[in-house]
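Working through the structure, step by step
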Amino acid sequence: MSDSFEILQRKLADKTAVGGVIGLGYVGLPLVQHLCNAGYRVLGFDIDPVKTERIAKGQSYIKHIESAWIAETVRRGSFEATTDFTRLYEADCISICVPTPLDEHSEPDLQYVVATAESIARTLRPGQLVILESTTYPGTTAEVVLPILERSGLMVGRDFFLVFSPEREDPGNAQYTIRTIPKVIGGLTPRCSDLAAKYYGTIFERTVIVSTPAAAELTKLLENIFRCVNIALVNELKVLCDRMGVDIWEVIEAASTKPFGFMPFYPGPGLGGHCIPIDPFYLSWKAREFGFAARFIELAGEINTSMPLYVVMRLMEALNERGKPVKGSRILLLGAAYKKDVDDIRESPSIRLIQLLRERGAQVDYNDPYIPKITHGRRHNIEMESVELTPENIRSYDCVLISTAHSCYDIAQIVENAALIIDTRNATGRMFAGAPNIVKA
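Numbering of residues starts from 1 in every chain and runs along the sequence as written. A pLDDT threshold of at least 70 governs which residues receive local features in this predicted model, and a stricter bar of 80 or more applies before side-chain atom pairs are shown or counted, although totals over entire chains, interfaces and linings include all residues. Hydrogens and waters are ignored; side-chain quantities use all the structure's heavy atoms.

**Some points on the overall build of the chain**
Quick note on the threshold: To qualify as a helix, a DSSP run of H or I must reach at least 4 residues; to qualify as a strand, a run of E must reach at least 2; elements of each kind are numbered from the N terminus. Only C-alpha atoms enter the radius of gyration, while the globule expectation follows 2.2 Å times N to the 0.38, with N the number of residues. Residues count as neighbours in contact if any of their non-hydrogen atoms are within 4.5 Å of one another. Per-residue and other accessible areas follow the Shrake-Rupley method at a 1.4 Å probe size, with only the shown protein chains counted as cover for residues. Only four residue types enter the charge count, namely Lys and Arg as positive and Asp and Glu as negative; His and the chain termini do not. To locate a charge, take atom NZ for lysine, CZ for arginine, CG for aspartate or CD for glutamate.
Looking only at helices and strands, the chain has 14 helices and 15 strands in total. Relative to its length of 441 residues, the chain is compact, with a C-alpha radius of gyration of 24 Å against a globular reference of 22 Å. Oriented by its inertia axes, the alpha-carbon framework of the chain measures out at about 75 × 50 × 40 Å. Across the chain, the fraction of contacts at a sequence separation of at least 24, relative to all contacts at a separation of at least 6, is 69%. Counting only carbon and sulfur atoms, one obtains 54% of the accessible surface of the chain, whose full area is about 19,700 Å². Taken together, the 47 basic and 54 acidic charged side chains of the chain have centroids lying 1 Å from each other.

And the structure:
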């Protein structure tokens, strides 16, 4: 057994190991919180100085992380955020929580993973554990990250330790927290997995070790592809049900009464978030390397990607029936976040809806209590501020488009004052069934 392995084991046993988290976003910052609460001192790394400066001032920029917690943890020296990646040398266990988006051709963009691995390699020392959490295709840890780290001259499994352990989060779901969701771990060697299980075993109630990083990488993709394919199914059925005059939401509710063999999924205006709209394409891209066409995955992607356009067409038809063209119409979109009751706008279908409506000449505003401002993103150049949601303001629009049904929205007030509602989330439900100003889409 190597000295590096024994030394890190002892540090983990007595909680003197220093945690490092690269990427202080929706995955990294909650991980920091749990590590600090477990008794570790944590260094947080981010390329965005705005984030590190806000943390230094004790300010949170994520809804479910309280500023008071950050201020207290920073004050007592348990947490420090920095843009200085040379300080990676100080961390014993380094978790990589950086984005893995798609490029303009819907192919994996690993630039952030590669840049992070190169930063770690420059300061890598014996006795460090590196954990990649960013969702990616099978083979990334062994084929991309490992060769970069080995440039240091150190050997994996002897001098340093490398693991893939996918993040699993469901923002806005109070039933499951980081701690209660089992943590999958796949190390390059058994010692790598053992150290990661000891480290994460202090903050996760259960760790699940698989044989290789590739198995752990594919585990995360399977979870999200399962959701993607089933959401595509109900989205396709929604389009069919609209033509047949059947309420898909009523059908799903009835089917859900079966106590076995059925799991409900729900349609919407498209997919959002950092996982489900992206992860399936990682596997379909990798499958082509093996001469395999992942047809279910690609079809599901096509269906879900088409939903914003379907919603806009339904909106245009509804306006047309009322003698109004979409060009020049005032549209109020409710909910910019990708799901209800969160402040996360990544890959939100609301952005695509705004783009499509603007392209057709509509005047679009939005309201979202969790997203006061939309700024430029990787895939859009929209700059907007949330407008006030009052009865008077609602009445001033030709159409209200419910894209994300936040729990705080007063649906009765919206129905009472809106000339036309396009409801993509069944927010109006049975209570307002048959209302002449509501169109499901």
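Having seen the model, we can carry on.
**Some details on the pattern of salt bridges**
Where we set the bar: Whenever Lys or Arg places a side-chain nitrogen within 4 Å of a carboxyl oxygen from Asp or Glu, that contact is recorded as a salt bridge. Note on classification: 1.4 Å probe, protein chains only; a residue is buried when its accessible area is under 20% of the maximum for its type, exposed when over 50%, partly exposed between these limits.
Applying the stated criterion across every chain yields a total of 27 salt bridges. Measuring nitrogen to oxygen at the nearest pair gives 3.9 Å for the salt bridge that ties Glu298 to Arg288. Placement of Glu298 in helix α11 (residues 295-321) and of Arg288 in helix α10 (residues 279-288) is noted, with a sequence separation of 10 residues between them. By relative accessible area, which is 28% here, Glu298 ends up partly exposed.

**What about unusual backbone geometry?**
One non-glycine residue, Ser106, lies in the positive phi region at around 60°. The class of Ser106 is partly exposed, set by a relative accessible area of 31%. Its identity as a non-glycine residue notwithstanding, Asp341 has a phi of 65°, on the positive side. Structurally, Asp341 can be placed in the loop between β9 (330-334) and α12 (349-359).

**Observations concerning the sheet that holds strand β15 (residues 438-440)**
The cut-off we apply is this: Strands are treated as partners if at least two bridges between them are detected by DSSP. Note on definitions: angles span 0 to 180 degrees between N-to-C directions of axes, and those axes are lines fitted to C-alpha atoms, for helices only across the stretch in contact.
Across the sheet, which stays open at both edges, the 5 strands sit in the order β10-β9-β13-β14-β15 with parallel pairing between neighbours. Two strands in the sheet have a free side with no partner beyond their single neighbour: β10 (363-367) and β15. Neighbour-to-neighbour, the strand axes of this sheet turn through a mean angle of 20°, independent of strand direction. Relative to strand β14 (residues 421-423), strand β13 (residues 399-402) is paired through 3 bridges, and the arrangement is parallel. Bridge pairing in β14 links Val400 to Ile421.

**Observations concerning helix α8 (residues 213-244)**
The following threshold applies: A helix is expected to span 1.5 Å multiplied by its residue count minus one.
Counted at 1.5 Å a residue, the expected span for α8 with its 32 residues is 46 Å, and the 47 Å between its end C-alpha atoms agrees. Just past α8, the residue Gly245 takes up positive phi, approximately 75°.

**Details of the packing of aromatic side chains**
This is how the line gets drawn: By convention, a stacked pair of Phe, Tyr or Trp rings (six-membered ring in the case of Trp) has centres within 6.5 Å and planes under 30 degrees apart, an edge-to-face pair has planes over 60 apart, and any other such pair is tilted. When the NZ atom of lysine or the CZ atom of arginine is within 6 Å of a ring's centre and also within 35 degrees of its normal, the charge is said to sit over that ring.
A complete count under the given rule lists 10 aromatic pairs for this structure. Both rings, one in Trp69 and one in Phe79, keep their centres 6.5 Å apart while their planes meet at 35°; by these two values the pair is tilted. A residue pair is termed long-range when its members are at least 10 positions apart, and Trp69 in helix α4 (residues 67-75) and Phe79 in strand β3 (residues 79-82) qualify at 10 residues. If you follow Lys15 out to its NZ or CZ, it ends over the ring of Tyr40, 5.5 Å from the centre.

**Structural notes on the packing of α10 against α11**
Threshold: Every angle not falling under 35 degrees, over 145, or within 65 to 115 is termed oblique; those three ranges are roughly parallel, roughly antiparallel and roughly perpendicular. Left-handed is the label given to a crossing in which the near helix is rotated counterclockwise from the far helix by less than a right angle, and right-handed is the label when the rotation is clockwise.
Running from N to C, α10 and α11 point in directions that differ by 140°, and their axes come no closer than 9 Å. Overall, the two elements α10 and α11 adopt an arrangement that is oblique. For the crossing formed where α10 meets α11, the hand is left-handed. The residues of α11 that touch α10, namely those facing Pro280, Phe281, Leu283, Ser284 and Arg288, are Ile297, Glu298 and Gly301.

**Digging into the side chain of Thr135**
Tracing the chain through its elements places Thr135 in the loop between β5 (129-132) and α6 (140-150). When its relative accessible area of 5% is taken as the criterion, Thr135 is described as buried. Residues in contact with Thr135, not counting those within four places in the same chain, are Thr100, Phe164, Glu167, Lys220, Leu221, Cys275, Asp279 and Tyr282.

**A look at a nonpolar patch on the surface**
Filter applied, for reference: Patch criteria: residues need more than 30% relative accessible area and no salt bridge. Like-charged residues are merged within 9 Å; nonpolar side chains of Val, Leu, Ile, Met, Phe, Trp and Tyr are merged within 5 Å.
Taken together, the side chains of Leu233, Leu237, Leu240, Met244, Val246 and Val251 define a hydrophobic patch exposed on the protein surface, amounting to about 500 Å² of accessible area. For the nonpolar patch, the element with the most residues is α8, which contributes 4 residues.

**What to know about the environment of Leu357**
Structurally, the position occupied by Leu357 is in helix α12. Note: C-alpha distance between Leu357 and Met316 (41 residues apart in sequence) is 9.3 Å. When neighbours within four sequence positions are excluded, Leu357 is seen to be in contact with Val312, Leu315, Val326, Ile331, Ala362, Val364 and Leu401.

**What to know about the sheet that holds strand β2 (residues 41-45)**
Ordered in space as β3-β2-β1-β4-β5-β6-β7-β8, the 8 strands form an open sheet in which the pairing is mixed. Every other strand in the sheet has two partners, leaving β3 and β8 (207-210) as the edge strands with one partner each. Sheet twist, expressed as the average angle between the axes of neighbouring strands with direction ignored, equals 25°. Of the pairings in the sheet, the one linking strand β4 (residues 93-96) to β5 comprises 4 bridges and is parallel in character. Counted as the bridge partner of Ser95 is Ile131 from β5. Strands β1 (18-22), β4 and β5 of the sheet are contacted by helix α5 (residues 111-123), whose axis makes an angle of about 165° with β4.

Purely geometric stuff here, so don't read any function into it on its own.
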